[in-house]
Amino acid sequence: MTVTNDFSMVVATANGTGSQTANLALLRALFKMGIPVNGKNIFPSNIQGLPTWYHIRVSYEGFTARRHTSEVLVAFNQATVKEDVAALPAGGVCIYNDDWRDVPLRDDVTNYGIPVNTFLRQADVRGKLRDYMANMVYVGAVAQLLGISLEKIEEALTFHFGGREKLVTQNMDIVRLVYDWTAENIEKRDDYAVEALDLTGGQILVTGNEAAALGAIFGGVTLVSWYPITPSTSLVDAINDYLPRLRRDSETGEVSCAVIQAEDELAAVGMVVGAGWAGARAMTATSGPGISLMTEFVGLAYFAEIPAVIWDVQRVGPSTGLPTRTSQGDIIAAYFLGHGDTKHVLLLPATVGECFEFGTTAFDLAEQLQTPVLVMSDLDLGMNNWMAKPFDYPAEPLRRGKVLTAAEVAERVKNGGYGRYVDVDGDGIGYRTLPGNDHPRAAYFARGTGHTPQAVYSERPEDWHENMERLARKFETARQLVPPPVIDEVDGAEIGIIAYGTSLDAITEARYRLAKAGVKASFMRLRALPINGDVRDFISRYDRLLVVELNRDGQLCEILKMELPDLATKLQPLTHSDGLPLTARWLVDAIQKD
Amino acid sequence: MTTKANERVNAVGLAYADYKGGASTLCKGCGHDSISSQIISVAYELSIEPHEIVKLSGIGCSSKSPAYFLGRSFGFNALHGRMPSVATGALTANRSLLAIGVSGDGDTASIGLGQFKHMMRRNVRMVYIVENNGVYGLTKGQFSATADYGQELKYAGRNDFPPADLCLEAIIAGCGFVARSFSGDPKQVRELLKAALSHRGTAVLDIISPCVTFNNRDDSTKSYSWGKENQDPLHEIAFVAPGFVPEQEEIVIDDYEPGEMRTVKMHDGSQIQLRKVEHDYDPTDKMGALQRLQMAQDEREFITGLIYYDSSRPSLAEVSNLPAEPLAALPAEKLRPSPETLREMMAAFG
């Protein structure tokens, strides 16, 4: 029985050997063959030497979640070969380095030995390049054995090397050598193969961090301050790849943006808050430990009402946790970040398309609401490559919120006065002025201490109370402004699944499998906090509600219970917390078990 | 606008009162209030438009003071020890602003030493005033990191740790304008402040500003009496505003005969005139400055004046190649790239 375009391959290598180039070449070649793909890098927190596994899933049905098994193994890491071989399902495929002794081959899988050193000698590759080119050896073997077109491999390498021909040729020489050798010397005896389809045409392959960077750029980001931390670093790297170039005046050479590497996350978010106060669109990107450090500043920005955008590309906590694995474990911390009564607007992207879209939305909301907005991405979304339709140009103009010019201040002064925190419109949002505004009454003193609506220091109980009530009112305005949930209801469904972020892919696939088994499940995917009326209505309609998330404590479930106490007993957490993305199999089993 | 017809006004038509702030809530006699007064005077004298200035501070007695001067200027009372990062962001977003940061010794030397030094490294254009009294006031008398070694205080007991010297720290971090002064010497504070405002990078003014409530015993190097008796100016300093001197392109320090005057010319055409008092002190000699500061610390000398000056390093805005127009004022069409740009980018991901 041949299995075409519906399996997963895992490439086991040692970190730091350059295998990422080879893996991405395979991924992109499959994508260019029109086959829906997804790649997931399960990598160590290490520069060189520790094991890394790259999973490539092909799915003619278009599913992109992690698969529960990988049927094809490229065993190129001697340190893990034993466990890698043991993990193969019966009937699987093992492509291994034939130079090793004592490879624990199984007789219920198909084994293909590739004499890696022979090729490297033939190609006269020496020194450092050896490890690197060894990766091209498996590209050639895999291409031959699975049926990946060499032409597409070459296109993928050309993409990867940005058209530098010499590198492409050098790599392709090895790939071809092994490809041809495999054809002549290995008889294909396994069931797995790919065939060209026409399902990826017009699409792009992009990481969530790249998408977020582009989104921020088309959202008008002007200052980025950051401190390197996995898995958010590549987001700022991508901004740095594009933004300074786009903002460079070709005549003067001046650059109308700033990307500043801070000394720590406190300074990173401090600069963002300073720039936001001064009127520029400013953001930072970080992960859990950075969020902890930013807590005090986020509380200040909430209270002094300063726009700020913070991307949290979540990894596994608590503490340093698993720096290179994924989770949704920062939701409660982020929602209430800060001491005292604080609540924040959270955006919850699930796709690279939403990373792009929320890149702009985050700035619009931050400036409209004059408050920090946290965008809760995760490592799986941020660092892995996802297929997507090319991003649409934003349809709406930038929403800069309530900012007064000097003339507008004059108008207000004439009609009774201007106060920075006066709730003129009843939506809890005052009108701000920006430093440099030359009206004599425009200036105010931003502060984290108690103040009157005129921004004057105050310890009066009434002033404090009224200000906090207004901030609560502003949060109610936020409810109406944030992106609504995406709801997909099925007639006769008895189960309602609630989730957010990257569990989308596993849930989509699980619902498909459950439907085939006669189990109907509706689905509500939250795209933001705070929740609005649609969420309550959905929850009201179902008796069995599962809140699926990647953390131990069911954090979103707890938030929903707090927000909807009368419906709290209906909500059941269904949590997965081991650092790996969700699989549809796990979800189907968990749902059917009850 | 708020001035009366018969009031004296400066070159931009504003009266002294237009530069005042709210009533101070600091202790009567606090050195910080004297510094606030000098800031008001200097801004008035130099005819700076209030909206061109931003005031930034951290947390503490000193950091409250920006509410007590320049009421028509925007201000930001940030977090404890974190004013430098807020200032860095704000001044990158709008480089046309003239920034006065006010901090204390706890805010700068204790909780904020990291951000202080990184701001110097980046050379953000700002006057960074440390109102240094060696003690925490609002929490009632604990030692800060600038307190004297071996000093005894009623609340805190004995200080067993050496003081951090913020001028030394500033120079080591790369600051090109480092001065020390005494709040009891308003003239020197004023002249240094004027010069600092002309500097195109971070300018640090470490001003000993006695805490009359918690650290004003005669034996404390942060007390009024000690300051009055021991202040040892390296030179007499006078600031000459641009317009009063011919514009110069290059900044040089003229050689001068002993006993005469040394002139430091600044980028904006202003001059700092340093009249020798008794030592032959060269503020452009980095090693000399470091040595002099260390010696002063060892000998408990209270040297004041312009301790170090070097205008050669570009500011953060210059290094970043920012345009003169504030980034915060960019119009929407400059903020969002074109549909064509997005199409090109998308094609590259295909």
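Conventions used here
Residues numbered from 1 in each chain as written. Chains lettered and ligands numbered in written order. Predicted model: local features only at pLDDT ≥ 70, side-chain atom pairs only at ≥ 80, totals over all residues. Helix = DSSP H or I, 4+ residues; strand = E, 2+ residues; numbered from the N terminus. Rg over C-alpha atoms; globule rule 2.2 N^0.38 Å. Buried ≥ 20, exposed ≤ 12 C-beta atoms within 10 Å, placed from the backbone. Contact = placed C-beta atoms within 7 Å. Expected span 1.5 Å × (residues − 1). Bend = angle between axes of the 7 residues up to and from the residue. Axes fitted to C-alpha atoms, helices over the stretch in contact; angles between N-to-C directions. Parallel < 35°, antiparallel > 145°, perpendicular 65-115°, else oblique. Left-handed = near helix turned anticlockwise from the far one by under 90°. Nonpolar A, V, L, I, M, F, W, Y, C, P; charged D, E, K, R; others polar. Domains from an automatic or database assignment. Pairing = 2+ DSSP bridges. Core = buried A, V, L, I, M, F, W, Y, C linked by C-beta atoms within 7 Å. pLDDT = per-residue confidence, 0-100. Right-handed = clockwise from strand over helix to strand, strands pointing away.

**Overview of the overall build of chain A**
Move 1: A count of helical and extended segments in chain A gives 19 helices and 24 strands.
Move 2: Expected size for 594 residues packed as a compact globule is a radius of gyration near 25 Å; at 27 Å, chain A falls within 12% of this value.
Move 3: Once the C-alpha set of chain A is aligned to its principal axes, its extents read approximately 90 × 65 × 40 Å.
Move 4: Within the span of chain A, comprising 594 residues, buried residues form 54% of the whole.
Move 5: A separation of at least 24 residues holds for 75% of the contacts in chain A among residues at least 6 apart in sequence.

**Remarks on the overall build of chain B**
Move 1: Across its full length, chain B holds 12 helices and 13 strands.
Move 2: Its C-alpha atoms give chain B a radius of gyration of 21 Å, near enough to 20 Å, the size a compact globule of 350 residues would have.
Move 3: In chain B, which comprises 350 residues, the share counted as buried stands at 55%.
Move 4: Taking the contacts inside chain B whose residues are at least 6 apart along the sequence as the reference set, 70% of them involve residues at least 24 apart.

**Some points on helix α10 (residues 288–304) of chain A**
Residue and element names in this part refer to chain A.
Move 1: The terminal C-alpha atoms of α10 lie 24 Å apart, and with 17 residues this matches the ideal 24 Å at 1.5 Å per residue to within 8%.
Move 2: At Met-294, α10 is deflected by roughly 55 degrees, the largest bend along its length.
Move 3: Along α10, 12 of the 17 residues are buried, which leaves the element largely enclosed by surrounding structure.
Move 4: For α10, the set of buried residues is Gly-288, Gly-290, Ile-291, Met-294, Phe-297, Val-298, Gly-299, Leu-300, Ala-301, Tyr-302, Phe-303 and Ala-304.
Move 5: Its buried side turned inward, α10 meets α9 (265–278), β12 (282–286), β13 (308–316), α11 (331–335), β16 (372–378) and β18 (445–447).
Move 6: Phi for Glu-305, located one or two positions after α10, is positive at around 60 degrees.

**Some remarks on the packing of α9 of chain A against α10 of chain A**
Residues and elements named next belong to chain A.
Move 1: Closest axis-to-axis distance for the α9/α10 pair is 8 Å, and the angle between their directions is 30 degrees. As summarised for this structure, α9 and α10 are arranged roughly parallel, according to the angle between their axes. Judged by the sense of rotation from one axis to the other, the crossing of α9 with α10 is right-handed. Where α9 approaches α10, its residues Glu-265, Leu-266, Val-269, Gly-270 and Val-273 are matched on the opposing element by Gly-290, Leu-293, Met-294, Phe-297, Val-298, Leu-300 and Ala-301.
Move 2: In the contact of α9 with α10, the residues fall into 9 nonpolar, 2 polar and 1 charged.

**Quick look at the domain arrangement of chain A**
Move 1: One can read the domain layout of chain A as domain 1 (3–201), domain 2 (206–388), domain 3 (406–481) and domain 4 (486–593).
Move 2: For domain 3 of chain A and domain 4 of chain A, the distance between their C-alpha centroids amounts to 40 Å.

**Looking at the pairing of strand β12 (residues 271–276) of chain B**
Walk down a regular strand and you will see the side chains alternate between the two sheet faces.
All names here are of chain B.
Move 1: Bridge analysis of strand β10 (residues 235–240) against β12 gives 6 bridges, and the strand direction is antiparallel. Residue pairing for β12: Ala-238 is matched across the bridge by Gln-273.
Move 2: Sheet topology places strand β11 (residues 261–265) next to β12; 5 bridges connect them, and they run antiparallel. Considered in β12, the bridge of Val-264 is made with Ile-272.
Move 3: Here β11 folds back onto β12, and the loop between the two strands holds 5 residues, one of which, Gly-269, carries a positive phi near 95 degrees.

**A few points about the nonpolar core**
Move 1: If you look at the biggest cluster of nonpolar residues, it comprises 284 residues, and the most contacted ones within it are Leu-30, Leu-73, Ile-95, Tyr-138 and Val-142 of chain A together with Val-127 of chain B.
Move 2: At 11 residues, the largest contribution of residues to this core is made by helix α4 (residues 129–146) of chain A.
Move 3: Not counting residues within four places of it along the chain, the set of residues in contact with Tyr-138 of chain A comprises Val-11, Ala-22, Val-74, Phe-76, Ile-95 and Ile-114 of chain A.
Move 4: With 6 residues, the next largest nonpolar core counts Tyr-136, Phe-143, Ala-147 and Cys-211 of chain B among its residues.

**Description of the sheet that holds strand β19 (residues 486–488) of chain A**
All names here are of chain A.
Move 1: An order of β19-β21-β20-β23-β24 is seen for the 5 strands of this open sheet, with the pairing classed as mixed. The sheet terminates laterally at β19 and β24 (571–575), the two strands that pair on one side only. Along the sheet, successive strands turn relative to each other by an average axial angle of 20 degrees, direction set aside.
Move 2: The pairing of β19 with strand β21 (residues 521–526) spans 3 bridges and is classified as antiparallel. When the bridges of β21 are listed, Val-486 appears paired with Arg-525.
Move 3: Lying over the sheet, helix α16 (residues 503–516) contacts β20 (495–500), β21 and β23 (544–549), oriented at roughly 170 degrees with respect to β21.
Move 4: Contacts from helix α17 (residues 533–541) reach β19, β20, β21 and β23 within the one sheet, and its direction differs from that of β21 by about 160 degrees.

**Considerations on the sheet that holds β11 of chain B**
All names here are of chain B.
Move 1: Across the sheet, which stays open at both edges, the 3 strands sit in the order β10-β12-β11 with antiparallel pairing between neighbours. The open sheet has two edge strands, β10 and β11, and neither has a second partner. Along the sheet, successive strands turn relative to each other by an average axial angle of 20 degrees, direction set aside.
Move 2: In this fold helix α7 (residues 186–198) packs onto β10 and β12, with an angle of close to 50 degrees to the strand it touches most, β10.

**Notes on the interface of chain B and chain A**
Move 1: Between chain B and chain A, the contact holds 48 residues from the first and 54 residues from the second.
Move 2: Broken down by secondary-structure element, the contributors of at least two residues to the side of chain B that touches chain A are β2 (74–77), α3 (83–93), α5 (113–122), α11 (332–335) and α12 (339–348) of chain B.
Move 3: The biggest single contributor to the side of chain B that touches chain A is α3 of chain B, with 8 residues.
Move 4: For the side of chain B that touches chain A, the class distribution of residues is 25 nonpolar, 18 polar and 5 charged.
Move 5: In the sheet, β18 of chain A pairs with β2 of chain B via 3 bridges, with the strands oriented parallel. The residue bridging Arg-447 of chain A from the neighbouring strand is Asn-77 of chain B, located in β2 of chain B.

**Observations regarding unusual backbone geometry**
Move 1: Omega for the bond connecting Gly-317 of chain A with Pro-318 of chain A falls within 30 degrees of zero, at 10 degrees, which places this linkage in the cis form.
Move 2: Of the consecutive residues Leu-529 of chain A and Pro-530 of chain A, the connecting peptide bond is found in the cis state with omega at 5 degrees.
Move 3: In this model, Ala-455 of chain A sits at a positive phi of 70 degrees, which is unusual for a non-glycine residue.
Move 4: By secondary structure assignment, the location of Ala-455 of chain A is in the loop between β18 and α15 (461–481).
Move 5: At Lys-140 of chain B, a position not held by glycine, the phi torsion is positive, near 75 degrees.

**Structural notes on the confidence of the model for chain B**
Residues and elements named next belong to chain B.
Move 1: Per-residue pLDDT for chain B averages 93, and the proportion of residues at 70 or more is 93%.
Move 2: Here residues 247–252 scores under 50 on pLDDT; set against residues more than four positions off or in separate chains, the count is 9 contacts.
Move 3: Both scores are available for the predicted complex, with the pTM at 0.96 and the ipTM at 0.96.

**A closer look at the pairing of strand β6 (residues 93–97) of chain A**
All names here are of chain A.
Move 1: With 5 of 5 residues buried, β6 lies mostly within the body of the structure.
Move 2: Because side chains alternate across β6, one face comprises the buried residues Val-93, Ile-95 and Asn-97, and the other comprises Cys-94 and Tyr-96, equally buried.
Move 3: Note: strand β5 (residues 72–75) against β6, 4 bridges, orientation parallel. What sits directly across from Val-72, in β6, is Val-93.
Move 4: In this fold, the crossover linking β5 to β6 by way of helix α2 (residues 81–86) has right-handed handedness.
Move 5: Here 5 bridges tie β6 to strand β7 (residues 110–114), and the two strands are oriented parallel to one another.

**Details of the environment of Glu-296 of chain A**
Move 1: By the secondary structure assignment, Glu-296 of chain A is in helix α10.
Move 2: Taking the C-alpha atoms as reference points, Glu-296 of chain A and Glu-354 of chain A, separated by 58 residues in sequence, lie 28 Å from one another.

**Side note on the packing of α3 of chain B against α5 of chain B**
Residue and element names in this part refer to chain B.
Move 1: Relative to each other, α3 and α5 sit at 30 degrees, their axes nearing to 8 Å. On the basis of their axis angle, the class for α3 and α5 is roughly parallel. Contacts between α3 and α5 involve Pro-84, Ser-85 and Thr-88 from the first element and Gln-115, Phe-116, His-118, Met-119 and Arg-122 from the second.
Move 2: Per-class residue counts for the contact of α3 with α5 are 3 nonpolar, 4 polar and 1 charged.

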